[in-house]
Amino acid sequence: MPLSTQSQSESDEYILVASLDNARNLSNILKAISFKDHAIFNATQNGLKVTVEDSKCLQANAFIQADIFQEFTIRQDVIGFQVNLTVLLDCLTIFGGSTVPGVSTALRMCYIGYGYPLTLFLEEAGVVTVCKINTQEPEEPLDFDFCSTNVTNKVILQSDSLKEAFSELDMTSEVLQLTMSPSHPYFRLSTFGNSGNAHYDYPKDSDMMELFQCTKTQKNRYKMSLLKPSTKALGLSCKVSVRTDSRGFLSLQYLVRNDDGQICFVEYYCCPDEEVDEE
Amino acid sequence: MKFRAKINDVGCLNHFTRVVNTITKLTKACVLRLTVNNVYFVLSGKVANGGVSMWCELLQVNFFDEYQLEGVSADSNEICLEVAPENLSRALKTAQNAKFVKIKLTKKHCPCLTLAAELPSLSSVSRVVTHDIPVDVIPRRLWHDFKEPSMPDFDVSIYLPPLKTMKSVVDRMKNLSNYLVVEANLSGEMNLKIETDLVSVTTHFKNLGNPPWADDASQGGGQSRPVEAMAHARVDIRKLQQFLNGQQVNPSKAMCNIVDQRIVHLILLQEDVSLQYFIPAVA
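Here the structure is a predicted model, which is why all the values come from computation and not from measurement.

A. Inspection of the overall build of chain A at higher detail. Looking only at helices and strands, chain A features seven helices and 18 strands. Relative to the globule expectation of 19 Å for 279 residues, the C-alpha radius of gyration of chain A, 21 Å, shows essentially globular dimensions. Dimensions of chain A along its principal axes, counting C-alpha atoms only, are 65 × 40 × 35 Å. Residue burial in chain A is summarised as follows: out of 279 residues, 52% are buried.

Listed below in structure tokens is the structure:
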């Protein structure tokens, strides 16, 4: 098997080697941010950060810490490259991404350096697949300058409660309005669709609400089309932290537990919808 | 010309339905060839269907409890009909719980295969569902197109890996590329490869084994082929995917013969059904 018989000299060439016993631990979390083809990879000693952006208004980051991997060797301080995420996901799930217990795809991901492809060795039941995905020049990810010191309002919810709301949201509404307030209605999701307006209210002492820290009443609108991809992350997660800063920027942080019970994070940043002067 | 047949056994009916469903996934139209001993579904490699051809052979006695055939003449005692397998498959779907199914060649407004299924009924009144499936009777002078294809003079013959694994690999590769290279050698190795501007992917299967006929087949002008040497063929990935998707018969043996750069010949064998599928190589 190429996975185990990689000669030492060949391994030495790589500036990045990351192995997983279960490729789903990577593919699942990447699915949570797969709404555009281009993904920026950024590897450091701490692990892997994968960034996907849309329209300069939305950014999603998936963090896979180094200790999630069975092996994580990096020979430079920072390694950055860009690959096509759809292609990567097809490669990672080449054996079907089986959920049957006891059957998993082992992965070894290697990168020689600038100008070289990202090489994946995948093995399941004695069958080996080698993928060479061409890499591109990494773009500089947007800096949303979302600083925890500027956070105005913050709540942490059990994902299940938000999943229900998101699955019932009126998608004919162009925007989702988020109201966070220290007084009633505390935490409200509103839509303005063809068949009328709808509000979802969460009381602050609900069982689903793990943390409620709202200092000021804020009402912000976000484009539904931008928030839609985040439901993928919501579906995988067990907890979500919703934060807004003084500018009305939204940060959604999802806590995702993988097949082995380890924890990873997915984060979405979204700009508020620009306010239009009322005539 | 006369044809009537009857299936009583629910097991046989299910089995026949699965075979027809498999054919349906592979082609929109094919030729149903009926002989005294066998039922065949045949697709001959025309340019219109991308050069793919198919040969599926069923032993009549294993499926039908009654089977009467009177061919076009005594010396050519067979019937060739052009049929849309989808119609047959749809008709069989309604007959799933039938007590029996009768299939008959009839002359209505046009020639038809009439499929009558007697469904279980709680009252004494029987419930019979009848489907008339239009067919074209193929004249004798065109029959030569529908003879059993000869085994190509292959370079490599190899057993296929588990079809489920192969299917998921081919499904993913289909998302990435339109063409796929199948290559195999005589030491039980087979590779599936794609290559595009974005990515190259190769899946290596090992220890598959080569069917025994490969040993005595003297290929390449008497010279035996080096066991490691790969024969390869680049094929339209959709054709291979169709074959793997349609597969409902759970074969006891699955094999692949490759004529280097010419053809991929896939064979599925079950006790009483054999399915052969030919995919031409593209440059």
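B. Spatial organisation of the domain arrangement of chain A. Residues and elements named next belong to chain A. According to the domain assignment, chain A consists of domain 1 (2-133) and domain 2 (148-270). If you average the C-alpha positions of domain 1 and of domain 2, the two centres end up 29 Å apart. If you look at the interface, domain 1 gives 21 residues, while domain 2 gives 17 residues. Of the roughly 1700 Å² buried at the junction of domain 1 and domain 2 (both faces included), carbon and sulfur atoms supply 53%. Three residues stand out in domain 1 for area buried against domain 2, namely Asn25, Ala32 and Leu58, and they jointly supply 28% of the buried area on that side. If you look at where domain 1 meets domain 2, you find one salt bridge. The closest approach of N and O atoms between Arg24 and Asp259, which form a salt bridge, is 2.8 Å. In this assembly, domain 1 and domain 2 are joined by nine residue pairs in polar contact (both at pLDDT 80 or more).

C. View of a positive patch on the surface. All names here are of chain B. Together, Lys2, Arg4, Lys102 and Lys104 give the surface a local cluster of positive charge. When residues of the positive patch are traced back to their parent elements, those giving at least two are strand E1 (2-7) and strand E7 (100-107). Locating Lys102 in the fold gives a position in strand E7. Judged by its relative accessible area of 38%, Lys102 is partly exposed.

D. Broad picture of the interface of chain B and chain A. Taken together, the contact between chain B and chain A spans 16 residues of the former and 17 residues of the latter. For the chain B and chain A pair, buried surface summed over both sides reaches about 1400 Å², with 57% attributable to carbon and sulfur atoms. Considering only the side of chain B, the residues that lose the most area to chain A are Arg172(B), Leu198(B) and His204(B), jointly responsible for 37% of the buried surface there. Run the count over chain B and chain A and you get zero salt bridges. If you look at where chain B meets chain A, you find 10 residue pairs in polar contact (both at pLDDT 80 or more). Every element with two or more residues in the side of chain B that touches chain A is listed here: helix H3 (163-176) and strand E14 (199-205) of chain B. Its residues placed into classes, the side of chain B that touches chain A shows seven nonpolar, seven polar and two charged.

Rules behind the numbers
- Residues numbered from 1 in each chain as written.
- Chains lettered and ligands numbered in written order.
- Predicted model: local features only at pLDDT ≥ 70, side-chain atom pairs only at ≥ 80, totals over all residues.
- Heavy atoms only, no water.
- Helix = DSSP H or I, 4+ residues; strand = E, 2+ residues; numbered from the N terminus.
- Rg over C-alpha atoms; globule rule 2.2 N^0.38 Å.
- Buried < 20%, exposed > 50% of the residue type's maximum accessible area, 1.4 Å probe, protein only.
- Domains from an automatic or database assignment.
- Contact = heavy atoms within 4.5 Å.
- Buried area = accessible area lost by both parts, 1.4 Å probe.
- Salt bridge = Lys/Arg side-chain N within 4 Å of Asp/Glu carboxyl O.
- Polar contact = N/O pair within 3.5 Å; in protein donor to acceptor, adjacent residues only side chain to side chain.
- Patch = residues over 30% accessible without salt bridge, like charges linked within 9 Å, V, L, I, M, F, W, Y side chains within 5 Å.
- Areas by Shrake-Rupley, 256 points an atom, 1.4 Å probe, with all protein chains shown as cover.
- Lys, Arg positive; Asp, Glu negative; His and termini not counted.
- Charge placed at Lys NZ, Arg CZ, Asp CG, Glu CD.
- Nonpolar A, V, L, I, M, F, W, Y, C, P; charged D, E, K, R; others polar.

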